[in-house]
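Structural overview for review
Now for the letters of each chain:
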Amino acid sequence: TPIVRVRKMLELAHIKAGDRVYDLGCGDGRMVHLAAKEYGADAIGLELSPLIYGMARLRNFLVRSRSKILFRDFRRIDYRNAKAIVCYLMPEALKVLRPKLEAELTPGVRFVSYAFQVAGWMPVHVEAKDPAHNLAPIYVYEMPISKKENGSSAQK
């Protein structure tokens, strides 16, 4: 995720000091590092690729980040303590994750997705794509989620 979008995603997540923030599929860990450094968040990155996980841990060490990088499958984490979740996941992964998030996330939690919408959810905000700079849109959802049903929305 381009750093300009990383910063925008964190801003849109409405993070405050001490908030538990998860980055699902954290890649090099830049998002959790910035969440911890600039917002004072309790930031946790979840990564399942061994090579990328190792690189993210090394980067975290080198920049002396307070964030945590865990070698974990994000589908097996309990998100009841989350205040925000950020991700750049493919639509298939978002579809699998959706029921878990609906069951575990508490009111007010923000879910911020780069590039892809969560099928069936209505965002509270969409940051438009920027084709001139090759930047994808950002979709922001807030619990309880508004759902798309037959073209209309209904509160959960």
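Above this text is the structure in question.
Okay, so let's go over this structure.

Scoring rules and cut-offs
Residues numbered from 1 in each chain as written. Predicted model: local features only at pLDDT ≥ 70, side-chain atom pairs only at ≥ 80, totals over all residues. Heavy atoms only, no water. Helix = DSSP H or I, 4+ residues; strand = E, 2+ residues; numbered from the N terminus. Rg over C-alpha atoms; globule rule 2.2 N^0.38 Å. Buried < 20%, exposed > 50% of the residue type's maximum accessible area, 1.4 Å probe, protein only. Contact = heavy atoms within 4.5 Å. Areas by Shrake-Rupley, 256 points an atom, 1.4 Å probe, with all protein chains shown as cover. Lys, Arg positive; Asp, Glu negative; His and termini not counted. Charge placed at Lys NZ, Arg CZ, Asp CG, Glu CD. Core = buried A, V, L, I, M, F, W, Y, C linked by side-chain atoms within 4.5 Å. 1 Å grid on protein atoms, 1.4 Å probe; cavity = no way out; pocket = protein on both sides within 12 Å on 5 of 7 lines; lining within 4 Å. Points joined across faces, edges and corners; volume = space filled by probe spheres on them. Nonpolar A, V, L, I, M, F, W, Y, C, P; charged D, E, K, R; others polar. Expected span 1.5 Å × (residues − 1). Arc of directions from axis to C-beta. Pairing = 2+ DSSP bridges. Right-handed = clockwise from strand over helix to strand, strands pointing away.

What follows is about the overall build of the chain. Within the chain, the secondary structure is distributed over 4 helices and 10 strands. Along the chain direction, N to C, the helices and strands of the chain fall in the order α-β-α-β-α-β-β-α-β-β-β-β-β-β. Over its C-alpha atoms the chain spans a radius of gyration of 15 Å, differing by no more than 12% from the 15 Å that the globule rule assigns to 156 residues. Dimensions of the chain, computed from the C-alpha atoms along their principal axes, are close to 50 × 40 × 30 Å. Residues classed as buried in the chain amount to 46% of the 156 residues present. The contacts in the chain between residues at least 6 apart in sequence include a share of 62% that link residues at least 24 apart. As presented, the chain carries roughly 8,300 Å² of accessible surface, and 55% of it is formed by carbon and sulfur atoms. Of the charged side chains in the chain, 25 are positive and 16 negative, and the gap between their average positions amounts to 3 Å.

Let us look at the nonpolar core. One finds Met9, Leu10, Ile15, Val112, Tyr114 and Ile138 to be the most contacted residues of the largest nonpolar core, which totals 27 residues. Counting only elements with at least two residues in this core, the list comes to helix 1 (3-12), helix 2 (30-39), helix 3 (50-62), strand 4 (84-87), strand 5 (110-114) and strand 8 (138-142). If one sorts the elements of this core by residue count, helix 2 sits on top with 5 residues. Counting 23 residues, the second-largest nonpolar core is a separate cluster that includes Ile44, Val118, Tyr141 and Met143.

Of the volumes computed, that of the largest pocket is approximately 150 Å³. Along its surface, the largest pocket is lined by Thr1, Val6, Asp23, Gly25, Cys26, Gly27, Asp28, Arg30, Met31 and Tyr88. Here the residues of the lining of the largest pocket sort into 4 nonpolar, 3 polar and 3 charged.

Turning next to helix 3. Look at helix 3: 18 Å from first C-alpha to last across 13 residues, which is about the 18 Å you get at 1.5 Å a residue. For helix 3, every residue scored as buried is listed here: Tyr53, Ala56 and Asn60. In an axial view of helix 3, the angular spread of the buried residues amounts to 65°, which keeps them on one side of the axis. Counted as exposed and oriented over 90 degrees from the buried face of helix 3: Pro50, Leu51, Leu58, Phe61 and Leu62. Considering only its buried residues, helix 3 is in contact with helix 2, strand 2 (42-47) and strand 3 (68-71). Once helix 3 finishes, arginine 64 follows within two positions and takes phi at roughly 55°, a positive value.

Along strand 2, 5 of the 6 residues are buried, which leaves the element largely enclosed by surrounding structure. Alignment of strand 1 (residues 20-24) against strand 2, held across 5 bridges, turns out to be parallel. Bridged to valine 21 within strand 2 is alanine 43. At this point the chain moves from strand 1, through helix 2, to the parallel strand 2, and the crossover so formed is right-handed. One ladder, built from 4 bridges, connects strand 2 with strand 3; its direction is parallel. Bridge pairing links isoleucine 44 to lysine 68 in strand 3.

This part covers the pairing of strand 8. Of all 5 residues in strand 8, 4 are buried; the element is thus mostly enclosed. Strand direction decides the pairing type here: strand 5 and strand 8, joined by 5 bridges, are antiparallel. Bridge assignment links tyrosine 114 to a residue of strand 8, and that residue is isoleucine 138. Two elements, strand 7 (residues 125-127) and strand 8, share 3 bridges in a ladder whose sense is antiparallel. Directly across from glutamate 127, in strand 8, lies its bridge partner isoleucine 138.

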